[in-house]
Amino acid sequence: MKISLLIILSIFSNLCFAQESMTLYLKDGNVKTGYGQRKGQDIALRNSKKDEAVNYDLKTIDSIYCGNERKPEIYHIIEGWGKNYQMAHLDKRGIKLDLYIKTSSSSSMYGKYNFTSYSIKRHGETELADFGDGNLWDSFKKRGSKYFEDCPELAANIKKGKKGFTKADLKNIADFYNSKCN
């Protein structure tokens, strides 16, 4: 039952992604517009819904814009482990660092659970800074204060566990860094 549900959700998400128009901003400066669908490490893009698709490897894409003016979605292509590329949804663009949002869901016999987590990336960095899932072996106070050590006030607030500076407040921490840190 779980496997068939995952297959149906996967097909549905691919269909939704394919029905929206998108613009690919390639690393070589070219811009391609059409209707697309993700296929593994590629984006299959077609000029119209009837045309044949042209495949673009994720490693050749800088960012993807899809949706419309009322609900635009921007994805940046980030290199992950093992030269594997992933699409990161840009939640908020900042002066010095950007905030990305990841959503996932899981279901069990007790119900469906939705998870939202945030990652950040300074301009010029190639990988997302993800602060883990908050388990005992993954201290945000330790990792967060080290990551933001270039901003002593912010690092100190995180290390002390000051209200508004926990991992759950990463969105506000990104705003603080962009507005108050040099």
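Keep in mind it's a predicted model, so treat the numbers as computed, not measured. (Residues numbered from 1 in each chain as written. Predicted model: local features only at pLDDT ≥ 70, side-chain atom pairs only at ≥ 80, totals over all residues. Heavy atoms only, no water.)

Caption draft 1: Layout of the pattern of salt bridges. Within this structure, the stated rule accounts for 5 salt bridges. For the salt bridge of lysine 92 with aspartate 175, the shortest nitrogen-to-oxygen distance reads 2.9 Å. With lysine 92 in strand E7 (residues 85-92) and aspartate 175 in helix H4 (residues 170-180), this residue pair connects regions lying 83 residues apart in the sequence. On the accessibility criterion, lysine 92 (38% relative accessible area) is partly exposed. On the basis of relative accessibility, which here comes to 30%, the residue aspartate 175 falls in the partly exposed class. Taking the shortest distance from any N to any O, the salt bridge between glutamate 125 and arginine 122 comes out at 3.1 Å. Note on glutamate 125: relative accessible area 26%, which makes it partly exposed. Taking the relative accessible area as the measure of exposure, arginine 122 reaches 15% and is therefore buried. Each member of the salt-bridge network shares a partner with another, and the members are Arg122, Glu125 and Asp150. (Salt bridge = Lys/Arg side-chain N within 4 Å of Asp/Glu carboxyl O. Helix = DSSP H or I, 4+ residues; strand = E, 2+ residues; numbered from the N terminus. Buried < 20%, exposed > 50% of the residue type's maximum accessible area, 1.4 Å probe, protein only.)

Caption draft 2: Region of the structure containing the state of the cysteines. One pass over the structure, following the stated rule, counts 1 disulfide. Note on cysteine connectivity: cysteine 151 is disulfide-linked to cysteine 181, with sulfurs 2.0 Å apart. What sets the handedness of the cysteine 151 and cysteine 181 disulfide is the S-S torsion sign, and at about -65 degrees it is left-handed. In this pair, cysteine 151 is assigned in the loop between helix H2 (140-147) and helix H3 (152-160) and cysteine 181 in the segment after H4, connecting sequence segments 30 residues apart. Grouping residues by exposure puts cysteine 151 and cysteine 181 together as buried. (Disulfide = S-S within 2.5 Å.)

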